[in-house]
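Single-letter residue listing:
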Amino acid sequence: MTKFVYDFSEGNKDLKDLLGGKGANLAEMTRMDLPVPPGFTITTEACQAYLSSGREPAELSAEVDEHLLALEKRMGKKLGQSDDPLLVSVRSGAKFSMPGMMETVLNIGLNDQSVRGLAAQAGNERFAFDSYRRLIQMFGKTVLDIEGEHFENALDAAKNAKGTKNDLDLDAEDLRMLVETYKQVIVDQAGREFPQEPREQMDLAVRAVFDSWNAPRAILYRRQERIPSDLGTAVNICSMVFGNVGLDSGTGVAFTRDPASGTKGVYGDYLQNAQGEDVVAGIRNTLSLHDLEGFDKKSYDELMGIMNRLEQHYRDLCDIEFTIERGKLWMLQTRVGKRTAGAAFRIATQLIDEGLIDDQEALQRVTGAQLAQLMFPHFDEKASGQLITKGMNASPGAAVGKVVFDSYTAVKWTRSGEKVILVRRETNPDDLNGMIVSEGILTSRGGKTSHAAVVARGMGKTCVCGAEQLDVDTKGRQFTGPDGTVYEEGTIISIDGTSGEVFVGEVPVVASPVMRYFEGELSPDADEADDLVRAVHRILRTADGTRRMAVRANADTDADAARARRFGAQGIGLCRTEHMFLGDRRQLVEDLILADTDEERDRQLAELLPLQRADFLGIFEAMDGLPVTIRLLDPPLHEFLPDITELSVRVAVAESRGEPREGDLRMLQAVHRLHEQNPMLGLRGVRLGLVIPGLFAMQSRAILEAAAERIKAGGVPRVEIMVPLVGAVQEFESVKDDIIKVARDVRSETGAHLEFLVGTMIELPRAALTANQIAEPAEFFSFGTNDLTQTTWGFSRDDVEAAFFSHYLEKGIFGVSPFESIDREGVGELVKIGADRGRAVRPGLKLGVCGEHGGDPESVHFFDEVGLDYVSCSPFRVPVARLEAGRASANAGG
């Protein structure tokens, strides 16, 4: 029989799938004998059953009864009893941290009778009614779906009546009256009374947490973070401890290292006389943990000891939530903390040096996405910007954009091509859409543990929090700076998440130190290099020593090839020759297309030959000693011709003036002749080489003559000639025969000992399915996953991404675009079939991928699993691919 409820004493940190991250870690801290309030966890399996059937499992109620009874016996009081009541919190807790995306309800068990019992037991009527009003507000928003502004407006009215802006100035009578107002809000907005039965409160809250798994903001966050949608959430029911009893109580969030920079030290926020949600909501500016040391050294010292134990135990940066109740410290949560990209690399190498992890484990602590963030530019320190204010450096980076004050406007403006900065007093989970599309986030309230800071760090967004000198007026759509200057919506500002500075206007950006390191401008051993550059260097060195797959680059010029080599590429996996046919050479291509006779065609090919040869020679020089895969001409010829509409208009206008031009008429006839309804499935790739005699032969001669010249100069060219868009082995064999003939002639003419491979791109489903036939003459395969995705899905990429991909992503049909990350079940399966069938015929067949999937972290892991020899991607993604290939091998070995 399935067990749906676990006491905190029954679990451990390895049961995250079942107990969720929060429940598993509460159980682990209980096992460590840390001060954790007693409680129990309802499993993710119960949530999954509820979501699939629409009701709780039949056994769940009895199990909850059993564990609640045990909790009541342990605490010596019953849930919601009228004198000294047991109160509990109901909190969500999924396997993966989703800060603020799901629901929490505190103080369950309070009602009109028990609130007075709590007041009498605590000797503090204000505390009791403050707790009761919080319960009604959370319950109304979470369980009854009442808009939060109804409660916030009532609270603001109570403070205004008192002549204050601080809720701590409200006394017991003020809060008792606020409770009555809140109860009326429930009646007016939900059409029912606030439930007085404690068990009903708890059961409805549990159901609301289950439902919150599929709340729009939770779905959006999972999509953004690529969290599977079928995991469900656990629910943690924990006996309440109170940080809002008085000034000897409070609540806080702490990190064992700085999550923004990775620096060791004491980092966190604390609020006196508050409950936990107040800290992450950022509704009041917080105190530092050093302030806590000043007025409660006993709790501070105990917290420091626990933080050290937790970091040693988890061997990582820990994020901790705690409450102090009348001088007694309680641990409410711990988890491996979210961190910025720079902090991730620094912490990983720090932990190696401290002996807590080895270099292979460190490799798993960082990601390619984080490395890519570190390559982004940052503000030029030499530039003079007009400083508006300075807040907390919550999440690093440089962001420039137009000020917007709500999520709706942020989304609307970015869809129109604008870059925006979302400015709020504080953010809440409903702002997620706007946070995702914004370049950065600026808030006037909150600290490094506020919602804005935590979510921004998780998404790699630049964020400045707690800019207290700003008066943000979201309704008036403006903010006022400390000097009284008013900044309207649409004003361009620049925010520096590293320094916390906010500037008016656009501040220039420069290359980051990590990018300068990859460009070869900054040695990790130089005095100028910081600890981040050294950390990146160390971890990439580990990745290079661990990975099985090679990493090549897609490069079409000698400059791109040289940069790719600086970035660590081990060759070129795709050199696209069509890019060499543009610019000044376009006229030669047009003349080739318009050639009426074999002589004219041969003459144009002869003019292109030396130009192509020079192109290849430069690339062979840049990549000397490394393999260079050159793809023969792939796109349809119409791409080199003028637009049919523009040309038709030009011809018509000329004829109307009696000035017809023969060249334009011939060109228009050629454009009509070559026009195709679906050119991406028409005359292109290998078909082009078979239809236009001499085209592929000219390109092959240029490649091989350049190789011969390089050999004569003492170089070591490693040539791989790739035939595109092959669907049948006969197509490949015909082209390969021509290439072999050309090679024979070049060897004879130059005396060079030419060695080269001839292979093909696998970018059609038929090619993958008949790979066993194609592998007999082909010496290598390179999977062209861009076209393979198009032809497998039946998508025209240029059309579908704008037409309906956003709808597919919103509806959950796609978790991510199949052009961004490999579709494992469809396109990926064809890659696996092609690899397996090809190697069954030719065991030593070299296999690679040259679509942009070669630089996508998730895809790199897949290609490692199916046994490809290399991935190839744009030069700027080479470091990312190197890191992820190393992580894939380390993960496979571990």
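Residues numbered from 1 in each chain as written. Predicted model: local features only at pLDDT ≥ 70, side-chain atom pairs only at ≥ 80, totals over all residues. Heavy atoms only, no water.

> Describe the overall build of the protein, listing the residues and the values that go with them.
Helix and strand content of the protein: 36 helices and 31 strands. Oriented by its inertia axes, the alpha-carbon framework of the protein measures out at about 105 × 65 × 60 Å. Out of the 894 residues in the protein, the part that is buried amounts to 56%. Here the analysis covers contacts within the protein between residues at least 6 apart in sequence; of these, 68% occur between residues at least 24 apart. Per element, the accessible surface of the protein, about 36300 Å² overall, is 47% carbon and sulfur. Positive and negative charge centroids in the protein, built from 101 and 138 side chains respectively, lie 2 Å apart. (Helix = DSSP H or I, 4+ residues; strand = E, 2+ residues; numbered from the N terminus. Buried < 20%, exposed > 50% of the residue type's maximum accessible area, 1.4 Å probe, protein only. Contact = heavy atoms within 4.5 Å. Areas by Shrake-Rupley, 256 points an atom, 1.4 Å probe, with all protein chains shown as cover. Lys, Arg positive; Asp, Glu negative; His and termini not counted. Charge placed at Lys NZ, Arg CZ, Asp CG, Glu CD.)

> Give a description of the sheet that holds strand S7 (residues 264-272) that names residues and reports values.
Pairing in this open sheet of five strands is antiparallel, and the strands run S8-S7-S6-S9-S10 from one edge to the other. Edge positions in the sheet fall to strand S8 (287-288) and strand S10 (328-336), since each has one partner strand and no second. Of the pairings in the sheet, the one linking S7 to S8 comprises two bridges and is antiparallel in character. Bridge pairing links Asp269 to Ser288 in S8. Strands strand S6 (250-257), S7, strand S9 (318-325) and S10 of the sheet are contacted by helix H12 (residues 297-314), whose axis makes an angle of about 25° with S10. (Pairing = 2+ DSSP bridges. Axes fitted to C-alpha atoms, helices over the stretch in contact; angles between N-to-C directions.)

> Could you give an account of the packing of helix H6 (residues 148-162) against helix H7 (residues 172-190), with specific residues and numbers?
Following both chains from N to C, one finds H6 and H7 inclined at 150°, their axes separated by 10 Å at the closest point. Relative to H7, the element H6 lies roughly antiparallel. Classified by chirality, the crossing of H7 by H6 is right-handed. Of H7, the residues touching H6 (which contributes His150, Phe151, Ala154, Leu155, Ala158 and Lys162) are Asp174, Leu178, Thr181, Tyr182, Val185, Ile186 and Gln189. Classifying every residue of the contact of H6 with H7 by side-chain character gives eight nonpolar, three polar and two charged. (Parallel < 35°, antiparallel > 145°, perpendicular 65-115°, else oblique. Left-handed = near helix turned anticlockwise from the far one by under 90°. Nonpolar A, V, L, I, M, F, W, Y, C, P; charged D, E, K, R; others polar.)

> So, the packing of aromatic side chains: which residues are in play, and what are the values?
With the rule as written, the count across this model stands at 20 aromatic pairs. Seen from their ring centres, Tyr50 and Phe210 are 5.3 Å apart, and the 35° between their planes marks the pair as tilted. Taken together, the positions of Tyr50 in helix H2 (residues 44-53) and Phe210 in helix H8 (residues 198-212) put the pair 160 residues apart, joining distant regions of the chain. Linked through ring pairs, Trp793, Phe795, Phe804, Tyr808, Phe814 and Phe819 together constitute an aromatic cluster. The ring of Trp213 is capped by Arg222, whose NZ or CZ atom sits 4.0 Å from the centre of that ring. (Phe/Tyr/Trp six-rings, centres within 6.5 Å; stacked < 30°, edge-to-face > 60°. Lys NZ or Arg CZ within 6 Å of the ring centre and 35° of its normal.)

> Tell me about the nonpolar core, and name the residues and values.
Formed by 130 residues in total, the largest nonpolar core has its most connected members in Phe345 and Val536. Looking at which element gives the most residues to this core, the answer is helix H27 (residues 695-712), with nine residues. In this structure, Val536 is in contact with Phe345, Leu371, Leu374, Val514, Tyr517 and Phe518, ignoring residues within four places of it in sequence. Leu79, Met138, Ile146 and Phe242 belong to the second largest nonpolar core, which has 58 residues in total. (Core = buried A, V, L, I, M, F, W, Y, C linked by side-chain atoms within 4.5 Å.)

> Just give me the short version of empty space enclosed by the protein, but keep the residues and values in it.
Following the criterion strictly, the structure yields one cavity of 30 Å³ or more and no others. For the largest cavity, the calculated volume is near 150 Å³. If you trace the largest cavity, you find 14 residues lining it, with Ser89, Arg91, Met240, Val241 and Leu332 closest to the centre. If you list the elements that add at least two residues to the lining of the largest cavity, you get strand S3 (88-94) and strand S5 (233-239). (1 Å grid on protein atoms, 1.4 Å probe; cavity = no way out; pocket = protein on both sides within 12 Å on 5 of 7 lines; lining within 4 Å. Points joined across faces, edges and corners; volume = space filled by probe spheres on them.)

> With reference to specific residues and values, describe helix H4 (residues 114-122).
Among all positions of H4, only Ser114, Val115, Gly117, Leu118, Ala119 and Ala122 are buried. Turning to H4, the residues buried within the fold contact helix H5 (125-142). Two residues or fewer past H4, Gly123 is found with a positive phi of approximately 65°.

> Lay out the sheet that holds strand S24 (residues 550-554) with the relevant residues and their values.
Picture the strands of a sheet paired through backbone hydrogen bonds; they go either parallel or antiparallel. The strand order around the closed barrel built from eight strands is S24-S25-S26-S27-S28-S29-S30-S31, with neighbouring strands paired in parallel fashion. In this sheet, adjacent strand axes meet at a mean angle of 25° when their direction is disregarded. The sheet contact formed by strand S27 (residues 718-723) and strand S28 (residues 756-762) spans five bridges and is parallel. Each residue of the ladder has a partner; that of Ile721, found in S28, is Val758. On the sheet, H27 packs against strand S26 (627-631), S27 and S28 and is oriented at approximately 175° with respect to S27.

> Can you break down the layout of surface pockets residue by residue, with the values?
Empty pockets left among the atoms are what a rolling probe the size of a water molecule brings to light. Of the voids in this model, the second largest pocket is the one considered here, and its volume is about 800 Å³. Among the secondary structure elements, those contributing two or more residues to the lining of the second largest pocket are helix H9 (216-225), helix H34 (824-841) and helix H35 (857-865). The dominant element in the lining of the second largest pocket, judged by the number of residues it contributes, is H9, at three residues. Class assignment of the residues belonging to the lining of the second largest pocket gives a composition of nine nonpolar, five polar and ten charged.

> Residues and numbers for the packing of helix H24 (residues 644-656) against helix H25 (residues 662-674), please.
H25 packs onto H24 with a crossing angle of 145° between their chain directions and a minimal axis gap of 10 Å. Read as a crossing pair, H24 and H25 show a hand that is left-handed. Here Ile644, Leu647, Ser648, Arg650, Val651 and Glu655 of H24 lie close against H25, whose contacting residues are Asp664, Leu665, Met667, Leu668, Val671 and His672. When grouped by side-chain class, the residues that make up the contact of H24 with H25 number seven nonpolar, two polar and three charged.

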